[in-house]
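Chain by chain, the residues:
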Amino acid sequence: MAKILAVTNQKGGVGKTTTAVNLAACLAEAGQRVLLIDLDPQGNATTGCGVVKREALPTVYQILIGRSTIPDTVLQTDFGFHLLPANRELAGAEVDLISLEQREYRLRDALKEVRADFDFILMDCPPALNMLTVNGLAAADRVMIPMQCEYYALEGLTDLVATLRKVRANLNPALEIEGLLRTMFDPRSTLTQQVSRELEGHFGDKVYKTIIPRNVRLAEAPSYGKPVIAFDRGSRGAQGYLLLAQELLDRRTDNKAAGVAAVAGVAQ
Ligand code: ATP
Ligand code: MG
């Protein structure tokens, strides 16, 4: 059964799309069956996987409004994972969903049909708390929060945690934080170091050990329509996302082991 992760932060430009695309590629390379969902009308994740955003292409939009199904919309990328693409049309979902029943749960319900076919479903959310993000959060098991270690990031995080609390209370009681990911990290900055330590102090184990460095190859790869491991595998950016994928897989194994131990404990 797939683990469904929403890559989210209402703050713009923090590395959500870079994380979603590159993590999808690294998990796929590790043998995982991965579906990446582009939930942003900007369609950056779609282009980042080398898929051209044609208007005629069925996208997440048609799925949300019930005019297409996931099997009819999903694409195979050149990088070993599947993609539900997006384009500008998705911006219209905000208005179109208003009149539809169960509008917060459209994506969650659509995913039921394919959940068993994947190990990971990653959603690249837009930089806003709109109906698209709400659909993502209602469908997710966990959220992954990329953030830059700068002063305003901590303020934004307070808002995000409050939002998650509301989502849990109203839409998805099981929603948890999977982890906070430090992105575009520049270890030479004192402020970065300070914010990073504060994060660890506040969120403890929820902060991934893996830190994604600021690396120009990560910014260049999307213009070639490739995840960084297919563009410059030796780059520090590629190494960062390979390590993140491994950390996720290790955590998953640890959780399973803990689950087995707990069951064994009950059985004794
Ligand atoms: P939005 O909120 O607009 O969706 P986002 O949170 O998805 O943005 P990205 O698009 O992933 O953020 O990243 C913003 C910009 O920073 C992009 O130009 C991207 O290529 C660049 N970038 C992301 N991560 C890194 C990094 N680790 N090093 C250097 N550049 C990066
Ligand atoms: Mg983005």
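This text gives an overview of the structure that appears in the document. Note that the structure is a prediction, hence the values are computed from the model and not measured.

### As for helix α8 (residues 151–170)
Piece 1. Taking 1.5 Å per residue, 20 residues should reach 28 Å; α8 reaches 30 Å between its end C-alpha atoms and fits that length.
Piece 2. Among the residues of α8, those classed as buried are A153, G156, L157, L160, T163, L164 and V167. Looking down the long axis of α8, one finds its buried residues gathered within 125° of arc, a one-sided arrangement. Facing away from the buried surface of α8 by more than 90 degrees, the exposed residues are T158, R165, K166 and A169.
Piece 3. For α8, the elements touching its buried residues are α7 (131–139), β6 (142–148), β7 (176–185) and α9 (190–203).

### Focus on the packing of α8 against α9
Packed helix pairs are specified by the crossing angle of their axes together with the interaxial distance, meaning the distance between the axes.
Piece 1. At a minimum axis distance of 9 Å, the contact between α8 and α9 shows a crossing angle of 25°. As far as their axial angle goes, α9 and α8 are roughly parallel. Contacts from Y151, L154, L157 and V161 in α8 reach L191, V195, E198, L199 and F203 in α9.
Piece 2. When grouped by side-chain class, the residues that make up the contact of α8 with α9 number eight nonpolar, no polar and one charged.

### Comments concerning the nonpolar core
Piece 1. With 50 residues, the main nonpolar core has I37, L111 and M123 as its most contacted residues.
Piece 2. In contact with L111, other than residues within four places in its own chain, are I4, L35, I37, I70, I121 and A139.
Piece 3. Residues A20, L57, L218 and L249 belong to the second largest nonpolar core, which totals 36 residues.

### A word on a nonpolar patch on the surface
Piece 1. On the surface, a nonpolar cluster with roughly 350 Å² of combined accessible area is contributed by Y151, Y152 and L191.
Piece 2. Inspection of the secondary structure assignment puts Y152 in helix α8.

Cut-offs used in this document
Residues numbered from 1 in each chain as written. Chains lettered and ligands numbered in written order. Predicted model: local features only at pLDDT ≥ 70, side-chain atom pairs only at ≥ 80, totals over all residues. Heavy atoms only, no water. Helix = DSSP H or I, 4+ residues; strand = E, 2+ residues; numbered from the N terminus. Expected span 1.5 Å × (residues − 1). Buried < 20%, exposed > 50% of the residue type's maximum accessible area, 1.4 Å probe, protein only. Arc of directions from axis to C-beta. Contact = heavy atoms within 4.5 Å. Axes fitted to C-alpha atoms, helices over the stretch in contact; angles between N-to-C directions. Parallel < 35°, antiparallel > 145°, perpendicular 65-115°, else oblique. Nonpolar A, V, L, I, M, F, W, Y, C, P; charged D, E, K, R; others polar. Core = buried A, V, L, I, M, F, W, Y, C linked by side-chain atoms within 4.5 Å. Patch = residues over 30% accessible without salt bridge, like charges linked within 9 Å, V, L, I, M, F, W, Y side chains within 5 Å. Areas by Shrake-Rupley, 256 points an atom, 1.4 Å probe, with all protein chains shown as cover. Salt bridge = Lys/Arg side-chain N within 4 Å of Asp/Glu carboxyl O.

Honestly, that's just the spatial picture; any functional story needs more than this.
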